Amino acid sequence: MNPDITLIITNWNGRELLKECLPSVLAAVEYDTAHSYEVLVIDDCSADDSLEVLEKEFPSVRREKTPHNLGFQGANNYAVELAESSIVMPMNNDIKLDEKALLLLARHFDDGDVFAVSGKIFAFDQTTFLYGNRGGYFHNGHFYLYEKNPDDTSQTLFACGGAFMVDRKRYLELGGFDLLYHPLYYEEIDLSYRALKRGWQVAYEPASVAYH
């Protein structure tokens, strides 16, 4: 039986980060008894022994490797194609999760109009707030982002690319992350904007907490 949700963790030479962060991810998976999960690490042709570390220390984690180095956007798109769940969650390899984080995000997909959802992000010290619900505006021909109140539950402009759940079918329908934004940044803003233009919702769940 296919899992409900696939967590997709992109990795490049991140053996130490995987060892530090994966335990919290697996704990959040175990906490959410309402959904079934697969944890998939997509290794983007690392030069270190990330895959060997996973096999030895995290045998429950699915290990996949890109055919050649694709970069963040390409590796995510490749892994979403491999997933067999209706919901996927692209994640950086330096993300830790609060125990309840996954359950709180997954509940949003009970609404059929939801494209993606992300939560509140803190630093590893678990007290320094980094970002949550963002908005945007144009001024003098330039685009600017601004941070809303961290507990504002209104629709966000975009789901955070470091840790967000997304409808897999719709992600693929939009073509996933645009490689134009290689190597990093703005790919999730672009993706969310294209979803919003389709009339799909991009939600924000402040009670779901991750650490970056």
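About the cut-offs
- Each chain has its residues counted from 1, following the order in which its sequence is written.
- Selection of residues for local features in this predicted model requires a pLDDT of at least 70, selection of side-chain atom pairs for listing and counting requires 80 or more, and totals for whole chains, interfaces and linings are taken over all residues.
- Hydrogens are left out, water is left out, and the side-chain values use all remaining heavy atoms of the structure.
- Per the convention used, a helix needs a DSSP run of H or I reaching at least four residues, while a strand needs a run of E reaching at least two, with both numbered from the N terminus.
- With the radius of gyration taken over C-alpha atoms, the globule rule is written as 2.2 Å times the number of residues to the power 0.38.
- Residue exposure (1.4 Å probe, protein chains only): buried if accessible area is under 20% of the type maximum, exposed if over 50%, otherwise partly exposed.
- Whether two residues touch is decided by their heavy atoms; if any such pair falls within 4.5 Å, the residues are in contact.
- To measure how exposed things are, a 1.4 Å probe is used in the Shrake-Rupley method; for residues, cover is taken only from the protein chains shown.
- Neither His nor the chain ends is counted toward charge; the positive residues are Lys and Arg and the negative residues Asp and Glu.
- Taken as the charge location is NZ of Lys, CZ of Arg, CG of Asp or CD of Glu.
- Side-chain rings of Phe, Tyr and Trp (the six-membered ring for Trp) are treated as a pair once their centres are within 6.5 Å; stacked means planes under 30 degrees apart, edge-to-face means over 60, and tilted covers the remaining angles.
- Residues belong to one nonpolar core when they are buried, are Ala, Val, Leu, Ile, Met, Phe, Trp, Tyr or Cys, and are joined through side-chain atoms within 4.5 Å.

Colleague: Residues and numbers for the overall build of the chain, please.
Modeller: Helix and strand content of the chain: six helices and 11 strands. Taken over C-alpha atoms, the radius of gyration comes to 16 Å for the chain, in line with the 17 Å a tight globule of 212 residues would show. Within the span of the chain, comprising 212 residues, buried residues form 52% of the whole. Across the chain, contacts joining residues at least 24 apart in sequence account for 73% of those joining residues at least 6 apart. Of the roughly 10100 Å² of accessible surface on the chain, a fraction of 50% belongs to carbon and sulfur atoms. Side chains of the chain carry 18 positive and 33 negative charges; the gap between the two charge centres is 2 Å.

Colleague: I'd like to hear about the packing of aromatic side chains, residue by residue, with values.
Modeller: Counted under the stated rule, the structure contains eight aromatic pairs. Ring geometry for phenylalanine 115 against tryptophan 200: centres 5.7 Å apart, planes inclined by 15°, an arrangement best described as stacked. Note that phenylalanine 115 is positioned in strand E6 (residues 114-122) and tryptophan 200 in the loop between helix H6 (187-197) and strand E11 (201-211), a separation of 85 residues in sequence. Overall, phenylalanine 115 belongs to the buried group, its relative accessible area being 0%. Looking at tryptophan 200, the relative accessible area reads 11%, which means it is buried.

Colleague: Tell me about the nonpolar core, residues and numbers included.
Modeller: Ranked by size, the top nonpolar core spans 33 residues in total, and within it Leu7, Met91, Leu97, Leu102 and Met165 carry the most contacts. Taken together, the elements giving at least two residues each to this core come down to strand E1 (5-11), helix H1 (15-31), strand E2 (37-43), strand E4 (87-91), helix H4 (101-106), E6 and E11. Of the residues forming this core, the biggest block, five residues, is contributed by H1. Not counting the four nearest positions on each side in its chain, leucine 102 is found in contact with Leu7, Val25, Ala28, Val29, Asp32, Tyr37, Met89, Leu97 and Met165. Core analysis: the next-biggest nonpolar cluster, separate from the first, contains 20 residues, Phe164, Val166, Phe177 and Ala195 among them.

The values reported here are purely geometric and, on their own, carry no functional implication.
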